[in-house]
Amino acid sequence: MHILVTGGAGYIGSHVVKQLIEDTNNSITILDNLSTGHEATIDTLKEIFAENKRGKRSFNFIHANLADFVNVDEIFAQNKFDALIHFAASIVVPESVENPLKYYMNNTVNTTNIINMCVKHSIAKMIFSSTAAVYGDAKEIPVKETTPKDPINPYGWSKLMSEQVITDACTAHDNFDAVILRYFNVAGADSLNRIGQSFPNATHLIKVAAQTALGTREKMALFGEDYETKDGTCERDYIHVDDLASAHLKALDYLDKDDKKSPDIFNVGYGHGFSVAEVIKTMKEISGVDFKVDKEPRRVGDPAILISDNSKTKKVLGWTPKFDDIKLICQTALAWEKTV
Ligand code: UDP
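Sequence order as written defines residue numbering, which begins from 1 separately in each chain. Whole-chain, interface and lining totals are the exception, using all residues; otherwise, since this is a predicted model, local features are given only for residues with pLDDT of at least 70 and side-chain atom pairs are given and counted only at 80 or more. Each side-chain value is derived from all of the structure's non-hydrogen atoms; neither hydrogens nor water enter the calculation.

A few points about the layout of surface pockets
The space that makes up the second largest pocket amounts to roughly 400 Å³. As for the second largest pocket, its lining consists of 22 residues, of which Q19, D23, S246, L249 and K322 are closest to the centre. The way it works is that DSSP assigns letters per residue, a run of H or I at least four long becomes a helix, a run of E at least two long becomes a strand, and they are numbered from the N terminus. Every element with two or more residues in the lining of the second largest pocket is listed here: α1 (11-23) and α8 (241-255). Taken together, the residues of the lining of the second largest pocket break down into 5 nonpolar, 6 polar and 11 charged. For each structure, a 1 Å grid was placed over the protein atoms alone; sets of points admitting a 1.4 Å probe that cannot get out are labelled cavities, open sets with protein on both sides within 12 Å along at least five of seven lines are labelled pockets, and lining residues have an atom within 4 Å of a point. Grid points are joined across faces, edges and corners, and a volume is the space filled by probe spheres set on the points. All residues other than Ala, Val, Leu, Ile, Met, Phe, Trp, Tyr, Cys, Pro, Asp, Glu, Lys and Arg, Gly among them, are scored as polar; the first ten of these are nonpolar and the last four charged.

Topic: the site of the ligand
Residues are classed as near a molecule or strand on a simple rule: at least one heavy atom within 4 Å of it. Of all residues adjacent to the ligand, which total 15 residues, the nearest are L205, A221, F223, R236 and D302. Polar contact is the term for a pair of N or O atoms within 3.5 Å; when the atoms are in protein, one must be able to donate a hydrogen and the other to accept it, and sequence-neighboring residues count only if both atoms are side-chain atoms. Side-chain polar atom of R236 to an oxygen atom of the ligand: 2.7 Å apart, as the coordinates give it. Across the complex, the protein chains shield 91% of the 510 Å² of accessible surface that the ligand would expose by itself. Among the elements of the structure, α7 (205-213) and β8 (219-223) are those that each provide at least two residues to the shell around the ligand. In the shell around the ligand, the residues fall into 9 nonpolar, 3 polar and 3 charged. The Shrake-Rupley method, run with a 1.4 Å probe, gives the accessible areas here. Residue values count only the displayed protein chains as cover.

Notes on the nonpolar core
Ranked by internal contacts, the top residues of the largest apolar core, which has 63 residues, are I12, L20, L181, I206 and M283. Among the elements that line this core, the one with the most residues is α8, at 9 residues. In what follows, a contact means two residues having at least one pair of non-hydrogen atoms within 4.5 Å. Leave out the neighbours within four places in its chain, and M283 touches I206, A209, A210, A213, F291, C330 and L334. For the purposes of this section, nonpolar cores are sets of buried Ala, Val, Leu, Ile, Met, Phe, Trp, Tyr and Cys residues that join through side-chain atoms within 4.5 Å. Relative accessibility under 20% of the residue-type maximum defines a buried residue, over 50% an exposed one, and the middle range a partly exposed one, all with a 1.4 Å probe and only protein chains included. Formed by 23 residues, the second largest nonpolar core is a distinct cluster that contains F81, M117, C118 and I166.

Examining the packing of α1 against α8
The N-to-C vectors of α1 and α8 enclose an angle of 60 degrees; their axes lie 9 Å apart at closest approach. Viewed along their axes, α1 and α8 adopt a mutual orientation that is oblique. Where α1 crosses over α8, the handedness of that crossing is right-handed. Together, Y11, I12, H15, V16, K18, Q19, L20 and D23 of α1 and V241, D242, L244, A245, S246, H248, L249 and L252 of α8 make up the contact between the two elements. By residue class, the composition of the contact of α1 with α8 is 9 nonpolar, 4 polar and 3 charged. Axis definition: a line fitted to C-alpha atoms, limited for helices to the stretch in contact. Angles are taken between N-to-C directions and run from 0 to 180 degrees. Small angles under 35 degrees read as roughly parallel and large ones over 145 as roughly antiparallel, with 65 to 115 read as roughly perpendicular and the rest as oblique. Crossing handedness is read from the near helix: turned anticlockwise from the far helix by less than a right angle, it gives a left-handed crossing, and turned clockwise, a right-handed one.

Points about unusual backbone geometry
Omega for the bond connecting I141 with P142 falls within 30 degrees of zero, at 0 degrees, which places this linkage in the cis form. Mapped onto the secondary structure, P142 falls in the loop between β5 (125-131) and α6 (154-172). Cis geometry is adopted by the peptide bond preceding P263, which originates at S262 and carries an omega value of 0 degrees. Its place among the elements puts P263 in the loop between α8 and β11 (264-268). The backbone phi angle of L34 is positive, close to 60 degrees, even though this residue is not glycine. Within the secondary structure, L34 sits in the loop between β2 (27-32) and α2 (39-51).

Section: the sheet that holds strand β1 (residues 2-6)
Within the open sheet, the 7 strands sit side by side as β3-β2-β1-β4-β5-β6-β11. Their pairing is parallel. Across the chains shown, the open sheet's two edge strands, defined by having one partner strand only, are β3 (59-63) and β11. For this sheet the average axis-to-axis angle between neighbouring strands, irrespective of direction, equals 20 degrees. Judged from the 5 bridges that link them, β2 and β3 form a sheet pairing that is parallel. Within the sheet, the bridge partner assigned to L31 lies in β3 and is I62. Relative to the sheet, α1 contacts β1, β2, β3, β4 (83-86) and β6 (177-183), its axis offset from that of β2 by approximately 165 degrees. Each pair of strands is called paired provided DSSP finds at least two bridges between the two strands.

A short note on α7
With 9 of its 9 residues buried, α7 lies for the most part within the structure. For α7, the elements touching its buried residues are β7 (185-187), β8, β10 (238-240), α9 (276-287), β13 (292-296) and α11 (326-337). G215, located one to two residues past α7, shows a positive phi value of around 85 degrees.

What to know about the packing of aromatic side chains
Planes of paired rings set the category: under 30 degrees apart is stacked, over 60 is edge-to-face and the rest tilted, where pairs are Phe, Tyr or Trp rings (Trp by its six-membered ring) whose centres lie within 6.5 Å. In total, this model carries 5 aromatic pairs according to the counting rule given. Ring geometry for Y103 and Y155: centres 6.3 Å apart, planes at 90 degrees, overall edge-to-face. Linking Y103 in helix α5 (residues 100-120) with Y155 in helix α6, this pair joins segments that are 52 residues apart in sequence. What makes Y103 buried here is its relative accessible area of 0%. The rule is short: NZ of Lys or CZ of Arg within 6 Å of the ring centre and within 35 degrees of the ring normal puts a charge over the ring. Lying over the aromatic face of F266, K312 brings its terminal NZ or CZ to 4.6 Å of the ring centre.

Right under this line is the structure:
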């Protein structure tokens, strides 16, 4: 099978590509505009591919922009893709509040176009990166796939709208099937420290805490201590990026099944959470650095608690997480940060 991975030079995409190289026999083409992904990541993936030669399968990188619809059409016409894993997106909640149109263009509009390309060029399978942000201030905890969706920021809306486009396309087109994965809070890095999160101006908690522990930042902020949670700080379901990546391989297998539902939607998280204060404490412990934390007001767009119910993902996809350990997540994030 030949798989097109958009955003494969980015954080989550590169971990999925790594597993596709190491654990499957598929050919892979990455399409990325390198806006937040990195050429160095592509080089590392090429090395991993060279170490895992199998048959005649190929590995290609196309430097292209998904907003260039004419070029994307040409790329689909020139290649015979069998499946699409679509990561390329903007993902920072506070930025989406300040610049919503960037999110509707990069996420919703470009996703709509690439689905159109799949239907036009007969690509039968798609895996879509969605987010727990579609649940907003979730109406029940843990969050099930059936929990009402009510985003509280443009990022969540941009992904929920994309889910709707996928749903309608699957309903209308018999030869187009999709799996939608709703990610909870992804963190950590490859255990061999070959790839990790190299996002400039990172805003995600574990990355920020790792940077502060290493002195890249003088201090960090803790946003809000007055939430109705166990210690007043927000709670999230932090999942190791390699466990998230393995859910994509399971989703590819699922799309081959005759009894699949399409689209089908799965939460990808561990089913339990940690507070912001607990994460900061863990990072201080494993780094041995008592870094400075400023207590600041709530950040706009933050729900108090987001924790997954992952029972459907385990049962239907047969997904078994291997790295459910907040210390390991923080350790791999810190080890990677030292290389950046
Ligand atoms: N957070 C924080 N300081 C930071 C970054 C994040 O206190 O420097 C908090 C944030 O307000 C939220 C939680 O950590 O309550 C997780 O935020 P993150 O941006 O990592 O992920 P999100 O849940 O927004 O996708």
